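Chain by chain, the residues run as shown.
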Amino acid sequence: VIPPMRSLTAEEYVDAFKSFLDHSTEHQCMDEFNKEKLPNIMAGLGNGKSTINVLGVGSGTGEQDLKMIRILQSAHPGVLIDNEIIEPNPQHVAAYKELVNQAPDLQNVSFIWHQLTSSEYEQQVKEKGAHKKFDFIHMIQMLYRVEDIPSAIKFFHSCLDHHGKLLIIILSDSSGWASLWKKYRHCLPSTDSGHYITSSGITDILERLGVDYCVYEFPSGWDITECFIEGDPVGGRMMDFLTGTKNFLGTAPPGLRRRLQEALCQPECSSRKDGRVIFSNNLSMIVVES
């Protein structure tokens, strides 16, 4: 008897995500953005203040956060940076703290971690009635896990100080994910609601809020060749990540498995390079003004 399909638990997701990062240019793509666009964005923050307040929403293990903090440090030498972090996963929080402990160059930076989901944080702030304002807030690849995306964006936008900026990094409409989700999400086990969203879903929300924003598109690829190798354990984990399903290859009906593998080879999802199948993982970096 084939067990029923089910979505990934938080632990399984972390494991599948690691295999995705190992084979994709996701972080290199963010590094490109950090190098080409972020210094200019950071330079305009803080408006001459002696402390710049930063909030990371869903910061994970903190690698990307600290890269941004360092860019902010070089744009504003000597200025104090007050960095708050919202991250529900205790393992991620521990890894982030360890990273900070090993970094000798963060003397001017203070850290406060909130081990909460973004909606728990929002609720806490509203209950207190006190509203701390931030000069820079970032939400990197995390809105897929948020229950009510319009409300989250509206709330965090309201936490910006004058001349503050909100950075949202999300999958682009030109990514393979966009076409895959359109066609197949109804066949897959339902993951946390709000899971399927690409950049146009975000810009629609921003239009309705009537705020100014700018979108930068950056190409990124993910080598998924192993997905097509029968019995390959790496390929199995990749398919789990692609579908949000535990042991997709072992539990999906054969017809769905075949259709999905065929779809992954289509030009709207992937390209071929040197005999490898490269899935399009293009990202949109959306910078929202206060």
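Residues numbered from 1 in each chain as written. Predicted model: local features only at pLDDT ≥ 70, side-chain atom pairs only at ≥ 80, totals over all residues. Heavy atoms only, no water.

- For the protein chain, the name recorded in an unreviewed UniProt entry is HNMTL methyltransferase, with Heliornis fulica as its organism.
- Within the UniProt record for the protein chain, the comment given under Subunit (unreviewed entry) is "Monomer." (UniProt positions renumbered as here; feature names shortened; annotations may be inferred.)

1. Here we look at helix H5 (residues 90–101)
In step 1: With twelve residues, H5 ought to run about 16 Å at 1.5 Å a step, and its terminal C-alpha atoms sit 17 Å apart, in line with that.
In step 2: Those residues of H5 lying buried are His92, Val93, Tyr96 and Val100. The arc enclosing the buried residues of H5, seen along the axis, measures out at 100°, which places them on a common side.
In step 3: Those residues of H5 that are buried are in contact with helix H1 (10–23), helix H4 (63–75), strand S2 (80–86) and strand S3 (109–114).
In step 4: N-cap assignment for H5: the residue whose side-chain oxygen lies 2.8 Å from the backbone N of Gln91 is Asn89. (Helix = DSSP H or I, 4+ residues; strand = E, 2+ residues; numbered from the N terminus. Expected span 1.5 Å × (residues − 1). Buried < 20%, exposed > 50% of the residue type's maximum accessible area, 1.4 Å probe, protein only. Arc of directions from axis to C-beta. Contact = heavy atoms within 4.5 Å. Polar contact = N/O pair within 3.5 Å; in protein donor to acceptor, adjacent residues only side chain to side chain.)

2. Details of the sheet that holds S3
The pairing of strands in a sheet comes from backbone hydrogen bonds and takes either a parallel or an antiparallel form.
In step 1: Spatially, seven strands are ordered S3-S2-S1-S4-S5-S10-S6 in an open sheet, and the strand pairing comes out mixed. At either end of the open sheet lies a strand with only one pairing partner, and these are S3 and strand S6 (213–218). Going across the sheet, the axis of each strand differs from the next one's by a mean of 15°, ignoring polarity.
In step 2: Pairing geometry for S2 and S3, over six bridges, is parallel. Directly across from Ile86, in S3, lies its bridge partner His114.
In step 3: The strands that helix H7 (residues 149–158) touches are strand S1 (51–57), S2, strand S4 (134–140), strand S5 (160–171) and strand S10 (283–289); relative to S5, the one it contacts most, it runs at about 150°. (Pairing = 2+ DSSP bridges. Axes fitted to C-alpha atoms, helices over the stretch in contact; angles between N-to-C directions.)

3. Details of the nonpolar core
In step 1: Within the largest apolar cluster, 86 residues are counted, with the highest numbers of intra-cluster contacts made by Leu143, Ile168 and Ile202.
In step 2: Of the residues forming this core, the biggest block, seven residues, is contributed by S5. (Core = buried A, V, L, I, M, F, W, Y, C linked by side-chain atoms within 4.5 Å.)

4. Here we look at the sheet that holds strand S8 (residues 270–273)
In step 1: Strand order in this open sheet of three strands is S7-S9-S8, and the pairing throughout is antiparallel. Two strands in the sheet have a free side with no partner beyond their single neighbour: strand S7 (221–223) and S8. Averaged over all neighbouring strand pairs, the angle between strand axes comes to 35°, with direction disregarded.

5. Points about the pattern of salt bridges
In step 1: Applying the stated criterion to the full structure yields 15 salt bridges.
In step 2: Measuring nitrogen to oxygen at the nearest pair gives 2.8 Å for the salt bridge that ties Glu12 to Arg6.
In step 3: Overall, Glu12 belongs to the buried group, its relative accessible area being 18%.
In step 4: With relative accessibility at 37%, the residue Arg6 sits in the partly exposed group.
In step 5: The salt bridge involving Asp105 is made with Arg70; its shortest N-O contact spans 2.6 Å. A residue pair is termed long-range when its members are at least 10 positions apart, and Asp105 in the loop between H5 and S3 and Arg70 in helix H4 qualify at 35 residues. (Salt bridge = Lys/Arg side-chain N within 4 Å of Asp/Glu carboxyl O.)

6. Section: helix H2 (residues 26–36)
In step 1: Every buried residue belonging to H2 is among Glu26, Cys29, Met30, Phe33 and Asn34, and all of these are buried. Seen end-on, H2 carries its buried residues on one side only, within an arc spanning 145°.

7. So, the UniProt feature "binding site: substrate" (unreviewed entry) in the protein chain
In step 1: As recorded in UniProt, the feature "binding site: substrate" (unreviewed entry) lies at Glu26 and Asn281. Spanning 256 residues, the named residues form one tight spatial group whose C-alpha atoms are at most 7.3 Å apart.
In step 2: Examined against the element boundaries, Glu26 turns out to sit in helix H2.
In step 3: On the accessibility criterion, Glu26 (2% relative accessible area) is buried.
In step 4: Ignoring sequence-local partners within four residues, the contact set of Glu26 consists of Phe20, Leu21, Gln141, Ser220, Asn281 and Leu283.

8. Re the pairing of S8
In step 1: With four bridges connecting them, S8 and strand S9 (residues 276–280) associate as antiparallel partners. If you follow Ser270 over to S9, its bridge partner there is Phe279.
In step 2: What sits between the antiparallel neighbours S8 and S9 is a turn of two residues, in which Asp274 has the positive phi angle 50°.

9. A few points about the pairing of S5
In step 1: Taking burial as the measure, the twelve residues of S5 include nine buried ones, the bulk of the element.
In step 2: In terms of strand pairing, S4 meets S5 through six bridges, oriented parallel. In the sheet register, Ile137 faces S5, and the bridge partner there is Leu166.
In step 3: Regarding topology, H7 serves as the crossover connection from S4 to the parallel S5, and that connection is right-handed.
In step 4: Pairing analysis gives seven bridges linking S5 to S10, with the strands arranged antiparallel. Bridge pairing links Ile170 to Ser284 in S10. (Right-handed = clockwise from strand over helix to strand, strands pointing away.)

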